[in-house]
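For reference, the chains in residue letters:
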Amino acid sequence: MNKEQIEKIKNFFNMKRNKDRLLELIKKGEYIEFEEKIGFIYAVKIGEAEDMDVMLKVSMLNGQFTILDSYFRIIPGVEMAIA
């Protein structure tokens, strides 16, 4: 994703009601690792596009979260068509 798209996603989830939504998504997300300075890191699915999951990489430390990155991930079980 380009920087403009990532900024739009960050701005969307920084609004209060969307922070609550992101918190619920984090609860369903996949734990990746813990880093002392930034906290627990999760991969969170926020949607689908072109047979791929749209994911956020989010850190949570002391109840505060930070969106670190966004990326696409191939949906497991979906075969890519070769043209």
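Right above here is the structure, for reference.
A few points on the structure. (Residues numbered from 1 in each chain as written. Predicted model: local features only at pLDDT ≥ 70, side-chain atom pairs only at ≥ 80, totals over all residues. Heavy atoms only, no water.)

### Side note on the environment of Gly39
In this structure, Gly39 sits in strand β2 (residues 39–49). For Gly39, a relative accessible area of 0% corresponds to the buried category. Linking Gly39 and Leu61, residues 22 residues apart in sequence, is a C-alpha distance of 4.5 Å. When residues no more than four places from it in sequence are discounted, the contact partners of Gly39 are Glu33, Phe34, Met60 and Leu61. (Helix = DSSP H or I, 4+ residues; strand = E, 2+ residues; numbered from the N terminus. Buried < 20%, exposed > 50% of the residue type's maximum accessible area, 1.4 Å probe, protein only. Contact = heavy atoms within 4.5 Å.)

### Topic: the packing of helix α1 (residues 3–14) against helix α2 (residues 16–28)
Pairs of packed helices are described in terms of their axes, by the angle between the two and the distance that separates them. Interaxial distance between α1 and α2 falls to 5 Å at its minimum, and their mutual angle equals 100 degrees. Judged on the interaxial angle alone, α2 and α1 are roughly perpendicular. Taken together, the residues of α2 that come into contact with α1 (itself represented by Phe12, Phe13 and Asn14) are Lys16, Asn18, Lys19, Arg21, Leu22 and Leu25. Broken down by class, the residue content of the contact of α1 with α2 amounts to four nonpolar, two polar and three charged. (Axes fitted to C-alpha atoms, helices over the stretch in contact; angles between N-to-C directions. Parallel < 35°, antiparallel > 145°, perpendicular 65-115°, else oblique. Nonpolar A, V, L, I, M, F, W, Y, C, P; charged D, E, K, R; others polar.)

### Section: α2
Taking 1.5 Å of rise per residue, 13 residues should cover 18 Å, and α2 covers 19 Å from first to last C-alpha, within 8% of that figure. Among all positions in α2, only Asn18, Leu22, Leu25 and Ile26 are buried. What you see down the axis of α2 is that its buried residues fit within an arc of 105 degrees, all on one side. Exposed side of α2, more than 90 degrees from the buried face: Lys16, Arg17, Lys27 and Lys28 are the residues found there. Tucked into the core, α2 has its buried residues touching α1, β2, β3 (52–61) and β4 (64–74). (Expected span 1.5 Å × (residues − 1). Arc of directions from axis to C-beta.)

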